[in-house]
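Each chain is listed here by its residues.
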Amino acid sequence: MSTFLKTLKRVSSRKALQAEEDSTAILQRPLDAAGAEAAAVAMVFVTDDEVIVYEGYLEKHVTTQRDGESVHEWSQRYLKLTKTRLLFSFNEDAPVREDVALEDIDILSSLEEDSEKKTKPRAARSAVLSGLEWENGIRIYTEKYGRNLYLRAEDQEHCKAWIEVIAAQRDARTEQIARLRQKTLAQRLRPKVAYIVDS
């Protein structure tokens, strides 16, 4: 092996070791107030021009760890439905913690319908979750992520309203995406070029 390659190998080994030490030091260093706040806030970007179609409080099924055991419970969330996605936060003024694109929703149903069809979610049937109240529940399944999301409304009226409005927006969004895919490149670029020219 040439002297040049040996030197290069030593330098790259030292850099890798230094990078590892730096990352360990960063992990061990206590977070300052701004860093702790930034770490606590999930980074979901929300634009100012997103129109809120429907909003309100629902409960979300969550699993937490307590004393080494999984605890299943309902936790309150504030949901905002836009024309493109469903946004989750802890309250009306809190930052968005999670979002679900409407076009990714494959199954949207009430848990009551699921039980009538004998397709009640496995989670709802399990002994661990049998103590949870599943009335007025909503199931959202996204095949893209292989994930079930369970929500619960305060009563059957709110449950039906949420399902109807989400379904309507999802269908409109799916149609919009289908139309956009059918447009030619020129048709897609024309509004953008007109906007630039007008600016």
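Worth saying up front: this structure is predicted, and the values here are computed from it rather than measured. (Residues numbered from 1 in each chain as written. Predicted model: local features only at pLDDT ≥ 70, side-chain atom pairs only at ≥ 80, totals over all residues. Heavy atoms only, no water.)

Caption draft 1: Quick peek at the overall build of the chain. Check the secondary structure of the chain and you find six helices and seven strands. Here the analysis covers contacts within the chain between residues at least 6 apart in sequence; of these, 55% occur between residues at least 24 apart. Of the roughly 14100 Å² of accessible surface on the chain, a fraction of 52% belongs to carbon and sulfur atoms. (Helix = DSSP H or I, 4+ residues; strand = E, 2+ residues; numbered from the N terminus. Contact = heavy atoms within 4.5 Å. Areas by Shrake-Rupley, 256 points an atom, 1.4 Å probe, with all protein chains shown as cover.)

Caption draft 2: The pairing of strand β3 (residues 85–89), seen in detail. Within β3, five of the five residues are buried, which leaves the element mostly enclosed by the surrounding structure. Residues R85, L87 and S89 of β3 are buried on one face, and the alternating residues L86 and F88, pointing to the opposite face, are buried as well. The pairing of strand β2 (residues 69–82) with β3 spans four bridges and is classified as antiparallel. Along β3, the bridge assignment pairs Y78 with S89. The antiparallel pairing of β2 with β3 creates a hairpin that spans two residues between the two strands. (Buried < 20%, exposed > 50% of the residue type's maximum accessible area, 1.4 Å probe, protein only. Pairing = 2+ DSSP bridges.)

Caption draft 3: Representation of a nonpolar patch on the surface. Residues L185, L189, V193 and V197 make up a contiguous nonpolar surface patch of roughly 380 Å² in combined accessible area. If you trace the backbone, V193 turns up in helix α6 (residues 185–198). (Patch = residues over 30% accessible without salt bridge, like charges linked within 9 Å, V, L, I, M, F, W, Y side chains within 5 Å. Salt bridge = Lys/Arg side-chain N within 4 Å of Asp/Glu carboxyl O.)

Caption draft 4: Highlighting the pattern of salt bridges. Per the stated rule, a full pass over the model turns up nine salt bridges. Where E73 meets R66, a salt bridge forms, and the shortest distance between an N and an O atom there is 3.0 Å. Of the residues examined, E73 reaches a relative accessible area of 24% and is grouped as partly exposed. Residue class for R66 comes out partly exposed when judged on its relative accessible area of 43%.

Caption draft 5: The side chain of R77, seen in detail. Tracing the chain through its elements places R77 in strand β2. Among buried charged residues, R77 stands out as having no salt bridge; its nearest opposite-charge side chain is E98, 5.7 Å away. In terms of polar contacts, R77 uses its side chain to reach the side chain of S75, at 2.7 Å. Ignoring any residue separated from it by four or fewer positions in sequence, one finds R77 in contact with G56, Y57, L58, K60, V62, F88, S89 and F90. (Lys, Arg positive; Asp, Glu negative; His and termini not counted. Polar contact = N/O pair within 3.5 Å; in protein donor to acceptor, adjacent residues only side chain to side chain.)

Caption draft 6: Spatial organisation of the nonpolar core. Counting residues in each nonpolar core, the largest one holds 20 residues, and the members touching the most others are L86, L108, I138, I140, W162 and I166. Secondary structure elements with two or more residues in this core: β2, β3, β6 (137–142), β7 (147–152) and α5 (156–182). Among the elements that take part in this core, α5 stands out by supplying six residues, more than any other. Not counting residues within four places of it along the chain, the set of residues in contact with I138 comprises L58, L108, S109, S110, L111, L149, Y150, L151, C159, W162 and I163. Within the second largest apolar cluster, five residues are counted, among which are W74, L132, W134 and Y150. (Core = buried A, V, L, I, M, F, W, Y, C linked by side-chain atoms within 4.5 Å.)

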